[in-house]
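Understanding the architecture of this molecule
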Amino acid sequence: MALRIERSRLPILLAQAGMTQAQLARRLKLSDSFIHKVIKGERQLSLTKSKEAAIIFDCSIDDLYEWVDEAGKRW
């Protein structure tokens, strides 16, 4: 099965955590502009940074993005 990232769920997770993009960037030791690009779908977090973000948001790595398979089914 081939999966691809549909879109970032960071805006939802940030809102639920009461956190700003800048705060997340600082905690992940990334630039604000990089986090903005992740949210816009222009970049993706590395596996390590994804795990760190999942720990920050107390969720799984899968919860950071919306996923879709080749048939269009969302995961």
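In the block above lies the structure referred to throughout.
Here the structure is a predicted model, which means the values were calculated and not measured. (Residues numbered from 1 in each chain as written. Predicted model: local features only at pLDDT ≥ 70, side-chain atom pairs only at ≥ 80, totals over all residues. Heavy atoms only, no water.)

Considering the arrangement of structural elements, one finds Lys 40 in helix α3 (residues 32-40). Spatially, the C-alpha atoms of Lys 40 and Ser 8 are 7.5 Å apart, while their sequence positions differ by 32 residues. (Helix = DSSP H or I, 4+ residues; strand = E, 2+ residues; numbered from the N terminus.)

Next up on the list: the pairing of strand β2 (residues 65-69). Burial of β2 is extensive: four of the five residues sit out of reach of the surface. Both strand β1 (residues 3-8) and β2 contribute to a ladder of five bridges, which runs antiparallel. Across the sheet, residue Arg 7 finds its bridge partner in β2, namely Glu 66. (Buried < 20%, exposed > 50% of the residue type's maximum accessible area, 1.4 Å probe, protein only. Pairing = 2+ DSSP bridges.)

Another aspect to go through is the side chain of Lys 49. In this fold, Lys 49 is placed in helix α4 (residues 47-57). Aside from chain neighbours lying at most four places away, what touches Lys 49 is Leu 28, Lys 29 and Leu 30. (Contact = heavy atoms within 4.5 Å.)

As a further point, take the pattern of salt bridges. Evaluated as defined, the whole model comprises six salt bridges. Connected via shared salt-bridge partners are Arg 4, Glu 6, Arg 7, Glu 66 and Arg 74. (Salt bridge = Lys/Arg side-chain N within 4 Å of Asp/Glu carboxyl O.)

For the rest of this paragraph, the subject is α4. Within the sequence span of α4, burial applies to Lys 49, Ser 50, Ala 53, Ala 54, Ile 56 and Phe 57. An end-on view of α4 places all buried positions within 160° of arc, on one side of the element. In α4, the exposed positions angled more than 90 degrees off the buried face are occupied by Leu 47, Thr 48 and Ile 55. Note on α4: the residue one or two positions beyond its end, Asp 58, has a positive phi of about 55°. (Arc of directions from axis to C-beta.)

The subject of this paragraph is helix α1 (residues 10-17). Along α1, the residues that are buried comprise Leu 10, Leu 13 and Leu 14. Projected onto a plane normal to the axis of α1, the buried residues spread over an arc of 100° and lie on a single side. Looking at α1, the residues exposed on the side facing more than 90 degrees away from the buried face are Ala 15 and Gln 16. Among the structural elements, β1, α2 (21-28), α3 and α4 are those in contact with the buried residues of α1. Just downstream of α1, Gly 18 is the residue with a positive phi angle, here 65°.

Our next topic: the nonpolar core. Leu 10, Leu 24, Leu 28, Leu 45, Phe 57 and Leu 64 are the most contacted members of the largest nonpolar core, which totals 17 residues. Looking at this core, the elements with two or more residues in it are α1, α2, α3, α4 and β2. Each residue touching Leu 64, except ones within four places of it in the same chain, is listed here: Ser 8, Arg 9, Leu 10, Leu 13, Ser 50, Ala 53, Ala 54, Phe 57 and Cys 59. (Core = buried A, V, L, I, M, F, W, Y, C linked by side-chain atoms within 4.5 Å.)

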